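Close look at the chain arrangement
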Amino acid sequence: MQRRSRGINTGLILLLSQIFNVGINNIPPVTLATLALNIWFFLNPQKPLYSSCLSVEKCCQQKDWQRLLLSPLHHANDWHLYFNMASMLWKGIHLERRLGSRWFAFVITTFSVLTGVVYLLLQFAVAEFMDEPDFKRSCAVGFSGVLFALKVLNNHYCPGGFVNILGFPVPNRFACWVELVAIHLFSPGTSFAGHLAGILVGLMYTQGPLKKMMEACAGGFSSNVGYPGQQYYFNSSGSSGYQDYYPHGRPGHYEEAPGNYDTYTAGLSEEEQLERALRASLWDRVCRN
């Protein structure tokens, strides 16, 4: 698995444009640091992509556990980075202002590692159940799993309402599940297990014992101190993620946002952009066949 490098990194340019359009001073510090870290790793990868991706074979059998830390910070190409970090930008602004910067940093760190662990468990379980060792060799990279976990949190704090996915109204609480299936059907190169792992981690936090365990470990700081400043309210969104080959389409999701965001989204809502991206992916594959 190698990163594509064709011409100008248009996705990176669009991402930087969105960041500067929102205004660096309007982005809470942990969200900004997460964006900067992912961009830095994209421009200065510490290892080749295949040496950073997460798989049962590499982590468990070859004991290369550093991949748990590296895989969320590496992206297959500039569009993969763009779609993930555009989603992170709006989720981060919302959740960091709600949870507080220190707690949000703890959440991001915990989710990054735990999503990788759950992904490995899922891949191992499927490989053993189906007697198919290829699942142990399946390698995934990207911040997508963490974003799906954050999506569960976002929907938990804003449970009401509906989102439009492929023309169908879906209750917020089910949106992540529908998007999980839709993204996998229309862009089979995405990591189903990686996204599912993120959803499960998010549910462990909102419905299970994870939050209490984190609070017990944190001790000195709370999970409900907000970041000072203006409060924004956004719809929920998903993310894209790539395994060991590239899909023809470029699935992406965007949050509704203050300011001049329509400049970059043509006035489309997050769900309308998801629908357009998925249909474009399907059409691209039909034209190639």
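Before reading further, recall that the structure is shown in the block above.
This report concerns the structure included in the present document.

The rules behind these values
- Residues numbered from 1 in each chain as written.
- Predicted model: local features only at pLDDT ≥ 70, side-chain atom pairs only at ≥ 80, totals over all residues.
- Heavy atoms only, no water.
- Helix = DSSP H or I, 4+ residues; strand = E, 2+ residues; numbered from the N terminus.
- Buried < 20%, exposed > 50% of the residue type's maximum accessible area, 1.4 Å probe, protein only.
- Areas by Shrake-Rupley, 256 points an atom, 1.4 Å probe, with all protein chains shown as cover.
- Disulfide = S-S within 2.5 Å.
- Patch = residues over 30% accessible without salt bridge, like charges linked within 9 Å, V, L, I, M, F, W, Y side chains within 5 Å.
- Salt bridge = Lys/Arg side-chain N within 4 Å of Asp/Glu carboxyl O.
- Pairing = 2+ DSSP bridges.

With that settled, the discussion passes to the overall build of the protein chain. Per the secondary structure count, the protein chain includes 13 helices and two strands. Buried positions account for 54% of the 289 residues belonging to the protein chain. Working note: accessible area of the protein chain is about 13000 Å², and carbon and sulfur atoms make up 59% of it.

Evaluated as defined, the whole model comprises one disulfide. A sulfur-sulfur distance of 1.8 Å marks the disulfide that ties Cys 53 to Cys 139. Taking the sign of the S-S torsion, about 85° here, the bridge from Cys 53 to Cys 139 comes out right-handed. Linking Cys 53 in the loop between α2 (29-43) and α3 (56-61) with Cys 139 in the loop between α7 (134-137) and α8 (144-157), this pair joins segments that are 86 residues apart in sequence. Taken individually, Cys 53 and Cys 139 each receive the classification buried, so the pair is uniform in this respect. Its sulfur unpaired, Cys 60 is 6.1 Å from the next cysteine sulfur, which belongs to Cys 59. Taking the relative accessible area as the measure of exposure, Cys 60 reaches 28% and is therefore partly exposed.

Turning our attention to a nonpolar patch on the surface. A contiguous nonpolar patch, built from Leu 16, Phe 20 and Ile 24 and spanning about 270 Å² of accessible area, is present on the exposed surface. The topology assignment puts Phe 20 in helix α1 (residues 10-22).

On to the pairing of strand β2 (residues 168-171), then. Across four bridges, strand β1 (residues 162-165) lies against β2 in antiparallel orientation. Bridging across to β2, Asn 164 finds its partner in Pro 169.

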